[in-house]
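Commentary on secondary and tertiary structure
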Amino acid sequence: MSADKTTRRDFVKGGTLLAGGLIAAPLLSRANYFSGAADTIKIALVGCGGRGTGACLQALLTKQNVKLVAMADAFRDRLDSCYKQINADDLTEWSGNKGNVKNKIDVPEERKFVGFDGYQKAIALADVVILDTPPGFRPIHFEDAVKQGKHIFMEKPVATDPAGIQRVLAAAAIAKQKKLNVVVGLQRHYQNSYRELIKRKDQIGEITSAQAWWNNDGVWVRPRQPNQTEMEYQMRNWYYFVWLCGDHITEQHIHNLDVINWFKGSYPVKAQGMGGREVRKGKDFGEIFDHHYVEFHYADGSILNSQCRHIPHTMSKVDEMFTGTKGKIFCGEGKITDLKGNVIYQFDMKTENDPYQTEHDELFAAIAKGDYKFADAENGAKSTMTSILGRLATYSGQVVEWDKAINSGLDLHPKVYDWAAAPPVLPNADGLYPVATPGITKYA
Ligand SMILES: NC(=O)c1ccc[n+]([C@@H]2O[C@H](COP(=O)([O-])OP(=O)(O)OC[C@H]3O[C@@H](n4cnc5c(N)ncnc54)[C@H](O)[C@@H]3O)[C@@H](O)[C@H]2O)c1
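Source: prediction; values computed, not measured.

1. Considerations on the side chain of histidine 253
Structurally, histidine 253 is set in the loop between helix H13 (248–251) and helix H14 (254–264). Looking at histidine 253, its side chain comes within polar contact range of the side chain of asparagine 256, at 2.9 Å. Setting aside residues up to four positions removed in sequence, histidine 253 forms contacts with Ala212, Trp213, Trp214, His248, Ser306, Gln307 and Cys308.

Okay, here's the thing in structure tokens:
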């Protein structure tokens, strides 16, 4: 293949070839790929739930020539409801977007895959994959997408245990070698206000401490239905099982912890904290806590005080704040002050964007041009690890060190994924699951 015959499509498909050295790197210059812009970028969606449906629509709403060609979900009903939503004559009702994207959907019955193994077949059919299952499966799916040489959008968190983090880090290194664009759904990185604040972070001098909050009422419950196997029940009600969800400190609070890591330019070296469950009692709530309070220590001596709570009728706050030697950054308000409280920068909130759309716009624009621009997986893994570190600290009540935890080999996953197989945690005779007890529970 000569350089001038190489089209954007070759780039889209070419990660594996590049890694193998079969195509010389200079072929990735933009000029080579503009000519191929008419090519269709094929998308596969893996995990067709609430966020997967939204992310898929955002991908289809980009300006590029894209087509959804394959879908995979553990459950047929979830896949069908996603397909119906995406394929609606009018998207206004559920998405606020007028019109439809029907001409960008081509998913006949034979390209709809159901069950635990469907992801491999869906990924094989695409140039770009959207990975949107519960985070417990992300390492497996990400690894496979990288192996198959695909560009990737994957939701946060990217794992639920240190073994999963190691798999994602290893696959992230291969994705870099293959020049596969990887965007992780930590969308504050794609949000105008955060991008403006981080540019100006030196105005507050050295960061000495930070605060992060994800406090609100909590999320959905999907109660047990008759005739479900234990595996199906846990897969449906996944939020409440650590192997699938990671607990809410991982599933939601990761956004805030990630912002602190991003502005600090580093990850914590140890953590200690406390947590438990006050209102999350009963059979529907699996094994997760409803509150965590963690003190994360960074190598430079600075501290992040982090709190997350899922308790109705308590103070709601989702935000981050930094204190430095010369001032403070208030992320939610888009504001920087000096230490006396005088405002020295105010982001114009009228210029805020929809970061969920922007992350797809930028990813697909890069792919269409043949640019290699995004390598979010390593940070996604390390910010996910930050949240896991916090969970290990609150579950055990001990000081947990990053290096020991990430290398602990802790693997929460079942050996077999099958509807009849036993998940890693099982209820007692009363239908209740074991819950971590600080002081007794060992973290690994
Ligand atoms: N960035 C954000 O702001 C944001 C917002 C919401 C959710 N999320 C993330 O998106 C992910 C999905 O969350 P959601 O709210 O869409 O949950 P959901 O339950 O609505 O959807 C998950 C889907 O994945 C399917 N699934 C489960 N295991 C699977 C497997 N092994 N193979 C294929 N499909 C499988 C489920 O059947 C379900 O349809 C989570 O990681 C969540 O943290 C991110």
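2. Some thoughts on the pairing of strand S4 (residues 128–131)
Side-chain alternation along S4 places Val128 and Ile130 on one buried face and Val129 and Leu131 on a second face that is also buried. Two elements, strand S1 (residues 41–46) and S4, share four bridges in a ladder whose sense is parallel. Across the sheet, the residue bridging to valine 46 is leucine 131, located in S4. When S4 meets strand S5 (residues 151–154), the two strands line up parallel, connected through four bridges. Bridging across to S5, isoleucine 130 finds its partner in phenylalanine 153.

3. So, the layout of surface pockets
Size it by volume and the largest pocket reaches roughly 820 Å³. Lining the largest pocket are 42 residues, and of these Gly49, Asp132, Thr133, Pro134 and Trp238 lie nearest its centre. At the level of secondary structure, the elements contributing two or more residues to the lining of the largest pocket comprise helix H4 (50–60), strand S2 (66–73), helix H8 (138–147) and helix H11 (230–236). By residue class, the composition of the lining of the largest pocket is 20 nonpolar, 11 polar and 11 charged. For the second largest pocket, the calculated volume is near 300 Å³. If you list the elements that add at least two residues to the lining of the second largest pocket, you get helix H12 (242–245) and helix H16 (377–396). With three residues, the top contributor of residues to the lining of the second largest pocket is H16.

What counts as what
Each chain has its residues counted from 1, following the order in which its sequence is written. Local features are withheld for residues below a pLDDT of 70 in this predicted model, meaning they are given only at 70 or higher, and side-chain atom pairs are given and counted only at 80 or more; totals for whole chains, interfaces and linings count all residues. To get the side-chain values, take all heavy atoms of the structure and skip hydrogens and water. Secondary structure elements follow DSSP: runs of H or I of four or more residues count as helices, runs of E of two or more count as strands, with numbering from the N terminus. Counting of polar contacts relies on pairs of N or O atoms within 3.5 Å, with two restrictions inside protein: one atom must be capable of donating a hydrogen and the other of accepting it, and residues adjacent in sequence are counted only when both atoms are side-chain atoms. Residues count as neighbours in contact if any of their non-hydrogen atoms are within 4.5 Å of one another. Burial classes: relative accessible area under 20% of the type maximum marks a residue as buried, over 50% as exposed, and values in between as partly exposed (1.4 Å probe, protein chains only). Two strands form a pair only when DSSP identifies at least two bridges running between them. Lining residues are defined by having an atom within 4 Å of a point belonging to a cavity or pocket. Those points lie on a 1 Å grid over the protein atoms alone, cavities being sets where a 1.4 Å probe fits but cannot get out and pockets being open sets with protein on both sides within 12 Å along at least five of seven lines. Grid points are joined across faces, edges and corners, and a volume is the space filled by probe spheres set on the points. Put simply, Ala, Val, Leu, Ile, Met, Phe, Trp, Tyr, Cys and Pro go in the nonpolar bin, Asp, Glu, Lys and Arg in the charged bin, and everything else, Gly too, in the polar bin.

All we've got here are geometric facts, nothing functional implied.
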